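Here is what each chain is made of, one letter per residue.
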Amino acid sequence: MTEITSDLPFLTGGEAGNRMRVLDWSTTNLGLPVAWPSSLKSAVGIILRADVPMMVLWGEHYICLCNDAFLSNVAATDIPLGQAADAALLEAWSTSRAQLRNVLTLGRPYTVRDKQLTSIVQGQTTTTHWTFSYSQLMTDDGLPGGVLLTCMQATYVATPAPDPTSALQPATSASNVSLRVYETVVSATPDLVYVFDLNYRFTYANRALLTMWGKTWGTAIGKGLRENGYEEWHAAMHEREIDHVAATGESVRGEVSFPHAILGRRVYDYILVPVFNEKGEVEAVAGTTRDVSEMKQSELSLRESESRFRTLVKTAPVAMAMFRGNSYVAEIANDAYLNLIGKNEAEFLDRPLFESLPSVRPRIEEILKNVMTTGQLYNGNEFKVVLNRGGKDEVCYVNFTYSPLFGSGELPEGFMVVANEVTEQVNARHRVEESEARFRTMAESSPVFIAVGDETGDATYFNKAWLELTGRPMEYLLKYGWADLVHPDDREPYIKIYLDALKIKGLFTGEFRVRNNENEYRWLLAHGAPRFNRDGSFAGYISGCTDITRQKEVQLELEKKELALASAIELAELGTWTYDAVTGEVTLSSKHADMYGIRELQNSLDDYFSVIAEQDCDEVKEKFRDATARGSDGRYNAEYRIVNPVTNKTQMIHALGQAYFDDTGALTRVEGTAQDVTAQREVQLALENEVHARTIELAATNEELQAANEELLSINEELSESSRRLIQSNEELSQFAYVASHDLQEPVRKISVFVEMLYRNLPQLDERSKSLLEKIDASANRMLNLIRDVLKHSQILNNATKYERVDLNKVVRDVEKEFDMLIEQRSGTVVVDSLPVIDAIEFQMNQLFSNLISNAIKFSAPTRPLQVKITAGILNESEKLENQELNNRLTYYKISFQDNGIGFDQAHAYQIFEIFRRLHARSEYSGTGIGLATCKKIVQNHGGEISASSVPGEGATFHVIIPATQS
Amino acid sequence: LKSLFLVDDDEDDRDFFLSVFETMRDRVVCETADNGLSAWERLTQTSYRPDLIFLDLNMPVMNGKQLLQKIRGHANLQRIPVIILSTSSNDKTIQDAREAGAADFITKPNKLSVLEHRLKAVIDDPSYFPDLL
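In this report, the structure presented in the accompanying data block is examined. (Residues numbered from 1 in each chain as written. Chains lettered and ligands numbered in written order. Predicted model: local features only at pLDDT ≥ 70, side-chain atom pairs only at ≥ 80, totals over all residues. Heavy atoms only, no water.)

Let us look at the interface of chain A and chain B. Contacts between the two partners involve 22 residues from chain A, matched on the other side by 21 residues from chain B. Summing both sides of the interface, chain A and chain B together bury roughly 1900 Å²; the carbon and sulfur share of this comes to 48%. Taken together, the connections running from chain A to chain B amount to five salt bridges. One salt bridge in this structure joins Lys750 of chain A and Asp12 of chain B, with 3.4 Å as the shortest N-O distance. Linking chain A to chain B there are seven residue pairs in polar contact (both at pLDDT 80 or more). (Contact = heavy atoms within 4.5 Å. Buried area = accessible area lost by both parts, 1.4 Å probe. Salt bridge = Lys/Arg side-chain N within 4 Å of Asp/Glu carboxyl O. Polar contact = N/O pair within 3.5 Å; in protein donor to acceptor, adjacent residues only side chain to side chain.)

Right, dumping it as structure tokens:
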């Protein structure tokens, strides 16, 4: 019970309210308070808050509902709250059922005056006087609902000694009390309550009405409808109605719409009822008006709701559709939705979703099942679906919401989908992402230094070229930028260029130096361009820098040159001039104009030449014509006199110029200089005179010298003759040596062979003959060897030196072949390293190798097999320094011939290279004593050195140091 | 038999060579000429086609170098290998001979045994006698 009534704020107050709250209303005719008509609820709310005794008698059974004041002051017996008032009760209130019926059904108020009630207060019997007022209460629909009883005490009636003035007092007081009570009631209601007299003037208006009018009691009461702001039609309507009520005694009910001072246009339901006097005549018309705007609005809203919903769905710019039932039958789908799925209404409506759009089933079936079983909304973002549109499958991206639609049951009856296709945006984003990726690839491989910044100016990307240039990782550059790498002189200006551009989001370009990873400054030329988002908002800069260090250097060099030229011109007191072939004008530097004593810097060619002294003028003009003629080399060089028009003095001018021609060979311009050489010429002239004088003096001296000279010449001639003869003699000697040895060797050779033949031919030979033959042979051989070696030695310098690339490996192979028999005889081995290819005279190399190997064979130790080792290597710097004869700039090879022969005493290391020097007796070791001398001559002939080292008995090593190339 | 043609003006030298060839008479047959011209006539005016020619450089009338050039310029003779003989073992002489088209070079020896050794190597060299293979 408490639960039911706790939600009923109108059941308030003390005793009465409390009793009503705990009453089991379900057993009464009124039923549960929650279901009461709102007019009853508000009437009960009013009486329970009022401090005057009041009672509501509701319905045709006059169900009793009263307040505390009524219970304590008026009720003689207990009031059956919630029960019908019986006859006894009505009797106690001095009224009858008939009278109540009049109030209830006809709305005629009824008043019982001066009703006496006796009560015992503090042991004394007190009689009180009351006025009981009965008035009609209406239902929500404006039909008779019940009767309101209001009791007003009039105790003062019993006061004796009436006085004419004071007699009025109680009446006035009673009236005031009545007004106050009435006011209390009607002020609490939002309904408009008012009373007209029969002249249409307001005699009463409650607070709500005054508020609506925006007026006060004083300004509104006693005024007519128009004076209180009613429009003419409205006033006239009410006046007709008042007349009608007055004439018929019947109430009038109507609905009207008019503006409210605060709430704007409102709809009102009103009832005008007659007020009868004691004679039953209508003396006034009372009205009650209720604001039904909200109610009207909700009715209208409710009616329109369904159609509005459909309209809304149909006309919504986003795709919307509604599906019902377990198979998701499409009930509503707007054009946007049909457009999205590529279907028309006939194809889609009243069909199960997955029948019309089978392609979406795999993606959304589970989702829909979830929405339908949990009743929870589902949001899909950039949901990828395949839709068959216009006969072909398309991949689409959709943002959508599935919201469950509830009916009476607990589970959704269907769902509503709101979808928004974002395929374009997603594709665009993909394209942007792709383009971004392409940009990165391009940027990464670009030699241009590319950087990207965001809208705040912070860098977001540097390409590989940047990272390589600065030698810093991306993280570093993104965090700290590269401003610290910029040359201090360029930092501020460049940052300013950038910030100025950033302000207006414009292009920028600038040059600056940046320190690279090798700590060198490189000149970069930067171009920056703003980037914009699709919506046109600024996205930041992209910048590309190119290395212009080389250009910059050239430019600086050029500037330096120009500066040097300018200062040279300045220094040389040169005037410069330019002849423009198109305008025919000569432009002079101010220095030149001063030199010529001409005021104007621009002159015609004739004016320019007019200063030239008459006797030189034709020649100068001719030179100029020649230089500017088609096909000329363009050089102009003239020296001439001018007569300075300012000083009237003659000056000597030296002019130089260069003519320039276009592609067709036509003259375009001549650029040149002019120098005042007057002073020089004067000096020169003086010098020339001096020279002339000296020349004469010199001539005399010269003659003397000439004589001495001739003497010297003849001595010289003699000298060169001697030298020539010496060479000739040398050549002859060499030639002789060659011829002699060549021709000499023939007979000796033959002697040797004949001895051998003879030896073979003689069948029986005694020991003595044999020994003699051997001696002949030995002598012949020795002589032959001697002759051959002299021959070879003589040829070394005789040959015109012609160097060629010689592969020493080939040389050693050839020489080995030559000696293979001898080597074999001594069970010898020759081990050869990889040898170099050098600039050399090939046959001399052959001879060198031949002599050294033959030497090793010749001096091999008889006790052990011969071993020759030939090694080669590049001579290192310190070895090079040891030998002062060598050229420090050349590369030398050191080729060593090491043998295990008898060796020699190191003390003889130098002597062995002397011609005809023998360390051993001829009988011990054959040899001419020429071989090593020839080796030395060959090596020296090639700009090298030869040396030998040895430990006697263990072997010798010959070192040949020879240059790799011959300059 | 391998047919050899020895062209040398020096009678002694011809004897030396012939005495060596005599030792391998079962394998070679040798004819001689004493100067370039007589050799040229023998080669061009008869059907004589030796397998190999030994040619001395220093000869009267027509020297070895001139004859070698003629042989190299003759269509029917140019394929015959020529080995140059000389007293001088000067590398330059050898080089010149090779450039003139000589197949090999033999220094005139002062030892018969050396000559035997050298000539034996030539006769045994199959590259000089392709037709006999």
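Turning next to the packing of aromatic side chains. All names here are of chain A. As enumerated under the stated definition, the model contains 42 aromatic pairs over all chains in all. For the ring pair Trp577 and Phe624, a centre distance of 6.5 Å and an interplane angle of 45° mean the geometry is tilted. Taken together, the residues Trp577 in strand β21 (residues 574–580) and Phe624 in helix α23 (residues 614–628) connect sequence positions 47 residues apart. Relative accessible area serves as the criterion here: at 7%, Phe624 is assigned to the buried category. Clustering of aromatic rings is evident, with ring pairs tying together Phe323, Tyr328, Tyr337, Phe348, Phe354, Tyr378, Phe400, Tyr402 and Phe415. Between the NZ or CZ atom of Arg669 and the centre of the ring of Tyr660, over which it lies, the distance is 4.2 Å. (Phe/Tyr/Trp six-rings, centres within 6.5 Å; stacked < 30°, edge-to-face > 60°. Helix = DSSP H or I, 4+ residues; strand = E, 2+ residues; numbered from the N terminus. Buried < 20%, exposed > 50% of the residue type's maximum accessible area, 1.4 Å probe, protein only. Lys NZ or Arg CZ within 6 Å of the ring centre and 35° of its normal.)

Residues and elements named next belong to chain A. The antiparallel open sheet is built from five strands, whose spatial order is β12-β11-β15-β14-β13. What marks the edges here is a single partner per strand, and that holds for β12 (329–333) and β13 (378–389). Averaged over all pairs of adjacent strands, the angle between strand axes in this sheet comes to 35°, irrespective of strand direction. With respect to the sheet, helix α16 (residues 423–445) is in contact with β13, β14 (392–406) and β15 (412–421), its orientation differing from that of β14 by roughly 130°. (Pairing = 2+ DSSP bridges. Axes fitted to C-alpha atoms, helices over the stretch in contact; angles between N-to-C directions.)

Residues and elements named next belong to chain A. Sheet architecture is open: six strands sit in the order β23-β22-β21-β26-β25-β24, paired in antiparallel fashion. Two strands close off the open sheet at either side, each with one partner strand: β23 (602–604) and β24 (635–643). Taking the axes of each pair of neighbouring strands and ignoring which way they run, one obtains an average angle of 25° across the sheet. Direction of pairing for β24 relative to strand β25 (residues 650–661): antiparallel, over a ladder of nine bridges. What sits directly across from Tyr636, in β25, is Gly657. α23 contacts β21, β24, β25 and β26 (667–676) of the sheet and is inclined by roughly 160° relative to β24.

Right, let's talk about a nonpolar patch on the surface for a bit. All names here are of chain A. Taken together, the side chains of Leu712, Ile715 and Leu719 define a hydrophobic patch exposed on the protein surface, amounting to about 300 Å² of accessible area. Relative to the helices and strands, Leu712 is located in helix α24 (residues 678–761). On the basis of relative accessible area, Leu712 is assigned to the exposed category, the value being 53%. (Patch = residues over 30% accessible without salt bridge, like charges linked within 9 Å, V, L, I, M, F, W, Y side chains within 5 Å. Areas by Shrake-Rupley, 256 points an atom, 1.4 Å probe, with all protein chains shown as cover.)

The next subject is the nonpolar core. Counting residues in each nonpolar core, the largest one holds 47 residues, and the members touching the most others are Phe70, Ile79, Trp93 and Phe132 of chain A. What Phe132 of chain A contacts, discounting residues up to four positions off in sequence, is Val74, Trp93, Tyr110, Thr111, Val112, Lys115, Leu117, Leu149, Thr150 and Cys151 of chain A. (Core = buried A, V, L, I, M, F, W, Y, C linked by side-chain atoms within 4.5 Å.)

With that out of the way, let us pick up helix α2 (residues 36–45) of chain B. All names here are of chain B. Buried within α2 are the following residues: Gly36, Ala39, Trp40 and Leu43. Axial view of α2: buried residues confined to an arc of 100°, hence all on one face. In this structure, the buried residues of α2 make contact with β1 (2–7), β2 (28–33), β3 (52–56) and α3 (64–73). Residue Asn35 occupies the N-cap position of α2, its side-chain oxygen lying 2.8 Å from the main-chain nitrogen of Leu37. (Arc of directions from axis to C-beta.)

What follows covers the pattern of salt bridges. Tallied over the entire structure, the rule returns 39 salt bridges over all chains. Across the salt bridge formed by Asp490 of chain A and Arg513 of chain A, the nearest N and O atoms sit 2.8 Å from each other. Taken together, the residues span a long stretch of sequence, with Asp490 of chain A in helix α19 (residues 488–504) and Arg513 of chain A in strand β18 (residues 508–515) at a distance of 23 residues. Look at Asp490 of chain A and you get buried, because its relative accessible area is 9%. Under the relative-accessibility criterion, Arg513 of chain A is labelled buried at 18%. Salt bridges sharing common partners tie together Arg749 of chain A together with Asp8, Asp13, Asp56 and Lys108 of chain B.

This part takes up the packing of α2 of chain B against α3 of chain B. Residues and elements named next belong to chain B. Direction vectors running N to C along α2 and α3 enclose 20°, while the axes themselves pass 9 Å from each other. It follows that α2 is roughly parallel to α3 by the angle criterion. α2 and α3 meet at a crossing whose hand is right-handed. Taken together, the residues of α3 that come into contact with α2 (itself represented by Gly36, Ala39, Trp40 and Leu43) are Leu67, Lys70 and Ile71. (Parallel < 35°, antiparallel > 145°, perpendicular 65-115°, else oblique. Left-handed = near helix turned anticlockwise from the far one by under 90°.)

Turning to the pairing of strand β30 (residues 867–874) of chain A, a few remarks are in order. The two faces of a sheet get side chains in turn, since along a regular strand they alternate between them. All names here are of chain A. Pairing between strand β28 (residues 829–832) and β30: four bridges, direction parallel. Bridge assignment links Val830 to a residue of β30, and that residue is Val868. Pairing of β30 with strand β31 (residues 892–899) involves seven bridges; the strand directions are antiparallel. Looking across to β31, one finds that Lys869 is bridged to Gln898.

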